[in-house]
Amino acid sequence: MVDSTAGRIAGIRETIAEALSKSGRASGSVKLMGVSKFHSAEAMVEAAPYLDLLGENRVQEAFAKRRSWPHSLSTPWHLIGRLQRNKARRALETFDAIESVDRLDLAHTLDRILEERGESSYPVLIQVNTSDEDTKGGVAPEEAERLLSAVLEKCPRLSVGGFMTIGPNTGDESEIRRAFTGLRELRDRLSCKFGLPLAELSMGMSGDFKIAIEEGSTTVRIGTSIFGARPSYPV
Ligand SMILES: *Cc1c(COP(=O)(O)O)cnc(C)c1O
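What comes next is a walk through the structure.

Quick notes on the rules
Residues numbered from 1 in each chain as written. Predicted model: local features only at pLDDT ≥ 70, side-chain atom pairs only at ≥ 80, totals over all residues. Heavy atoms only, no water. Axes fitted to C-alpha atoms, helices over the stretch in contact; angles between N-to-C directions. Helix = DSSP H or I, 4+ residues; strand = E, 2+ residues; numbered from the N terminus. Parallel < 35°, antiparallel > 145°, perpendicular 65-115°, else oblique. Left-handed = near helix turned anticlockwise from the far one by under 90°. Contact = heavy atoms within 4.5 Å. Nonpolar A, V, L, I, M, F, W, Y, C, P; charged D, E, K, R; others polar. Near = heavy atom within 4 Å. Polar contact = N/O pair within 3.5 Å; in protein donor to acceptor, adjacent residues only side chain to side chain. Areas by Shrake-Rupley, 256 points an atom, 1.4 Å probe, with all protein chains shown as cover. Phe/Tyr/Trp six-rings, centres within 6.5 Å; stacked < 30°, edge-to-face > 60°. Buried < 20%, exposed > 50% of the residue type's maximum accessible area, 1.4 Å probe, protein only. Salt bridge = Lys/Arg side-chain N within 4 Å of Asp/Glu carboxyl O. Arc of directions from axis to C-beta.

### With respect to the packing of helix H6 (residues 144-154) against helix H7 (residues 173-194)
A pair of packed helices is captured by two measures, namely the crossing angle of their axes and the spacing between those axes.
Right, so step 1: Here H6 crosses H7 at 40°, and the two axes come no closer than 11 Å. With respect to H7, the element H6 is oriented oblique. For the crossing formed where H6 meets H7, the hand is right-handed. The segment H6 lies against H7, with Ala144, Glu145, Leu148, Ser149 and Leu152 engaging Leu186, Arg189, Leu190, Lys193 and Phe194.
Right, so step 2: Partitioned by chemical class, the residues of the contact of H6 with H7 number six nonpolar, one polar and three charged.

And the structure:
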């Protein structure tokens, strides 16, 4: 059991439950996303019944996998990787939500395509770069308020549910915690300022999801601990 997809996911669910209880949070208040970049559609089909969400980094890869996806599996797909504007249309066709909105020109493009398609509301998160690492996507924390304000004003078809971040790539636990605390505090401030719940905090991966849950994460994005090692880390 332990060395099967179902067994590995059950183990992660246990760790999530412990982290929730340790921090006095309600059980079931964190969604588990399986991040399947570079892994096969077959591996995803096996995992999907045990997951709340599926996360993919690349539009083309996800589009190809989703074309053969069984209709019986209704697990929603989220885009969690950097999105180029010329792939915005295909991204909207492929994904149920986009967690990596990090600039206004992209938000505008998405909004315009949604208008064309006659869709009035599409869920997005704003990705914030909390670790100051150039290789990571996301708006700088000090620019997040301006971006949120512009999206709310100019992109009425985007429904902003909260924020996403990738923790810093370090073994220093206090630095990781600081990034997650920072995102929660940013959310609290902007939620108050704009009078919106902004309830979603997508943060925490295989190596740091316990800390993320203690700091208020509502979605953890787990790849390696579910699907095994990847050939390389996509940028
Ligand atoms: C790859 C990836 C994950 C999962 O990372 P693991 O360390 O394999 O759990 C989560 N979020 C994003 C944005 C990713 O690119």
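### What about the site of the ligand?
Right, so step 1: Of all residues adjacent to the ligand, which total 13 residues, the nearest are Lys37, Asn57, Ser206, Thr224 and Arg230.
Right, so step 2: Note that a nitrogen atom of the ligand is positioned 2.9 Å from one of the side-chain N or O atoms of Arg221.
Right, so step 3: Between Thr224 and the ligand, the recorded distance is 2.5 Å, taken from a side-chain N or O atom to an oxygen atom.
Right, so step 4: Burial of the ligand by the protein chains amounts to 94% of its free accessible area of 390 Å².

### Some words on the packing of aromatic side chains
Right, so step 1: Summed over the entire model, instances satisfying the criterion amount to one aromatic pair.
Right, so step 2: Taking the centre distance of 5.1 Å and the plane angle of 90° together, the rings of Trp69 and Trp77 count as edge-to-face.
Right, so step 3: Judged by its relative accessible area of 8%, Trp69 is buried.

### Brief notes about the pattern of salt bridges
Oppositely charged side chains are able to pair whenever their charged atoms sit close together.
Right, so step 1: Applying the stated criterion across every chain yields a total of 23 salt bridges.
Right, so step 2: With its nearest N and O atoms 2.9 Å apart, the salt bridge here joins Glu61 to Lys65. Here Glu61 pairs with Lys65, and both are found in helix H3 (residues 59-67), just four residues apart, close to one helical turn. Both residues of the pair, Glu61 and Lys65, count as buried.
Right, so step 3: The partner of Glu145 in a salt bridge is Lys193, and the shortest N-O contact between them spans 2.9 Å. With a gap of 48 residues between them, Glu145 in helix H6 and Lys193 in helix H7 connect regions that are remote in the sequence.
Right, so step 4: Several salt bridges converge on common partners, so that one network encompasses Lys22, Glu173, Arg177, Arg184, Glu214 and Glu215.

### Considerations on H6
Right, so step 1: Within H6, burial applies to Ala144, Leu147, Leu148, Ala150 and Val151. Along the axis of H6, the buried positions cluster into a sector of 165°, meaning they face one direction only. H6 presents Arg146 and Glu153 as exposed residues on the side facing more than 90 degrees away from its buried surface.
Right, so step 2: Looking at the packing, one finds that the buried side of H6 touches helix H5 (104-116), strand S5 (122-127), strand S6 (158-164) and H7.

Function-wise, these values are silent; they only describe arrangement.
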